[in-house]
Amino acid sequence: MNASWLHRLCARRYLACIASVGFCLGPLLFGASAQVPGQLASQAAPIRFGILPIGSAAESLEQWRPLLDDLRKRLGHPVTTVSVSSYASLSNAIGAQRVDIAFLSGKLAVEAVTHQHMQVFAQFLRSDGATGNVAMLVVRDDSPIHSVAELLASPGRWRYARSEQLSVTGYTAPEADVFAPHGLNSDTFFANVQVGDHQSNLLAVVNREADVASSNNPDMDLFHRNFPGEAAQLRVIWRSPLIPSGVLVVREGLAAAWRRQLTAFILAYGKGAGEAGARERAQLSRIPDLGGFVAQNNHVLQPFVDMQYALLRQEAEHGQWVSPQARQARLVQIEQRYQRDTQALQGH
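Residues numbered from 1 in each chain as written. Predicted model: local features only at pLDDT ≥ 70, side-chain atom pairs only at ≥ 80, totals over all residues. Heavy atoms only, no water.

## What to know about the nonpolar core
Phase 1: With 79 residues, the main nonpolar core has Trp-64, Leu-67, Leu-104, Leu-151, Leu-248, Phe-293 and Leu-301 as its most contacted residues.
Phase 2: If near-sequence neighbours (up to four positions away) are discounted, Leu-248 is found in contact with Phe-49, Trp-64, Ala-102, Phe-103, Gln-119, Val-120, Phe-121, Ala-122, Phe-124, Ile-266 and Phe-293. (Core = buried A, V, L, I, M, F, W, Y, C linked by side-chain atoms within 4.5 Å. Buried < 20%, exposed > 50% of the residue type's maximum accessible area, 1.4 Å probe, protein only. Contact = heavy atoms within 4.5 Å.)

Right under this line is the structure:
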């Protein structure tokens, strides 16, 4: 392990420690008071923005800071951040109504829309113009694993670094497209499974603490930016079909006037001409692989409902059951959930 790599890793871990209290620090970062007609903005309830961590929570906070500061200035109203270190923590904050607007990946967004009173209003537009990302399985360049077939040929041999189950690219896509079609579950297929954020998982492979990691193209781009030497030691053995990009959701109970202003700001951000537009595009470029936002609604989440449905069916069909009746009961439950979630998305 060379000194520069260790220095960067220690710095990342220091930032992660700071991020662990990001929810408490959010009001200090973006909650500066500004005048609004008839009252001080600091006396009004702030708009709370939830940030899904790409890389570490601290990195995500730094990436979004300029855009959110522009939002605060445009609204003349406090904007605080709900900065968390895990998908589950953000989902819990949304469920507790502590978030007004949030950046979410597909599976987390489905939960927010179908059970937590949120609505999709915008989707990420990648810097290359695409509205989707690609999930990946990654190994060291000197690994004996050169393909998915070679990976699957040795159950119980390899160590896996993956993301939380709420992560589409870090869990659901590899599970649905690589493991479940062969009647496998990654948690029992591998000799060891560790769960972490995408950047930590890639570092685990580089450092020979894991043999394969799940990832995606934005996080791989970020890893190349942060650790170019280490990134050169990685090789991709599997890529998924295009998966719809992350979305922005807004709380249904947020005042209509705020929702209109938020939507107008987000959809116009980075699209202006002249020096102001160029500055906003530079702010967007701080967020990995983000070129802007396009208007969208809940219907964009249907592919994630379909993916989860296919995965659950495959797991039920290949699983061990005490009786055929138990398997059939599980399949009926999966079908009912699929219909319920689909109806919830189509209802808005």
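We are not done yet, so read on.
## A few points about the environment of Ala-112
Phase 1: Turning to its location among the elements, Ala-112 is positioned in helix α5 (residues 106-115).
Phase 2: Taking relative accessible area as the criterion, Ala-112 reaches 0% and is therefore assigned buried.
Phase 3: In this structure, Ala-112 is in contact with Ile-94, Leu-104, His-117 and Met-118, ignoring residues within four places of it in sequence. (Helix = DSSP H or I, 4+ residues; strand = E, 2+ residues; numbered from the N terminus.)

## Quick look at the sheet that holds strand β14 (residues 247-251)
Strand pairing within a sheet occurs via backbone hydrogen bonds; the two strands may be parallel or antiparallel.
Phase 1: Pairing in this open sheet of six strands is mixed, and the strands run β4-β3-β5-β14-β6-β15 from one edge to the other. Taken across any chain shown, the strands that pair with only one partner, and hence form the sheet edges, are β4 (79-83) and β15 (290-295). Within the sheet, the average angular offset between the axes of one strand and its neighbour, ignoring direction, is 25 degrees.
Phase 2: In terms of strand pairing, strand β5 (residues 101-104) meets β14 through four bridges, oriented antiparallel. Its bridge partner lying in β14, Ala-102 is registered against Val-249.
Phase 3: Sheet strands touched by helix α4 (residues 87-95): β3 (47-51), β4, β5 and β6 (118-126). Its angle to β5, the strand with the most contacts, is close to 150 degrees. (Pairing = 2+ DSSP bridges. Axes fitted to C-alpha atoms, helices over the stretch in contact; angles between N-to-C directions.)

## Some thoughts on the sheet that holds strand β8 (residues 135-140)
Phase 1: As summarised here, the arrangement of the five strands in space is β10-β9-β11-β8-β12, forming an open sheet in which the pairing is mixed. The open sheet has two edge strands, β10 (192-195) and β12 (234-239), and neither has a second partner. Strand-to-strand twist across the sheet, computed as the mean angle between neighbouring axes with direction ignored, equals 30 degrees.
Phase 2: Taken together, the four bridges between strand β9 (residues 159-162) and β10 define a ladder with parallel strand orientation. Bridge pairing in β10 places Arg-159 opposite Asn-192.
Phase 3: The strands touched by helix α9 (residues 198-206) within the sheet are β8, β9, β10, β11 (212-216) and β12, with β11 carrying the most contacts at an inclination of about 145 degrees.

## Structural notes on the pairing of β5
Phase 1: On β5, burial covers both faces: Ile-101 and Phe-103 on one face and Ala-102 and Leu-104 on the other are all buried.
Phase 2: Across three bridges, β3 lies against β5 in parallel orientation. Its bridge partner lying in β5, Phe-49 is registered against Ile-101.

## Considerations on the layout of surface pockets
Phase 1: Approximately 280 Å³ is the volume attributed to the second largest pocket.
Phase 2: Forming the walls of the second largest pocket are 19 residues, and the residues nearest its centre are Lys-107, Gln-308, Leu-312, Arg-337 and Asp-341.
Phase 3: Mapped by element, the contributors of at least two residues to the lining of the second largest pocket are α5, α14 (302-318) and α15 (324-346).
Phase 4: It is α14 that provides the largest number of residues to the lining of the second largest pocket, a total of seven residues.
Phase 5: Class assignment for the residues of the lining of the second largest pocket results in 10 nonpolar, four polar and five charged. (1 Å grid on protein atoms, 1.4 Å probe; cavity = no way out; pocket = protein on both sides within 12 Å on 5 of 7 lines; lining within 4 Å. Points joined across faces, edges and corners; volume = space filled by probe spheres on them. Nonpolar A, V, L, I, M, F, W, Y, C, P; charged D, E, K, R; others polar.)

## Digging into the pairing of β9
Phase 1: When β9 meets β11, the two strands line up parallel, connected through two bridges. What sits directly across from Ala-161, in β11, is Ala-213.

## Focus on α9
Phase 1: Counting buried residues along α9, eight of its nine residues qualify, which places the element largely inside the surrounding structure.
Phase 2: With a side-chain oxygen positioned 3.0 Å from the backbone nitrogen of Gln-199, the residue opening α9 is Asp-197.
Phase 3: The positive-phi residue at the C-terminal boundary of α9 is Arg-208, with phi of around 65 degrees. (Polar contact = N/O pair within 3.5 Å; in protein donor to acceptor, adjacent residues only side chain to side chain.)

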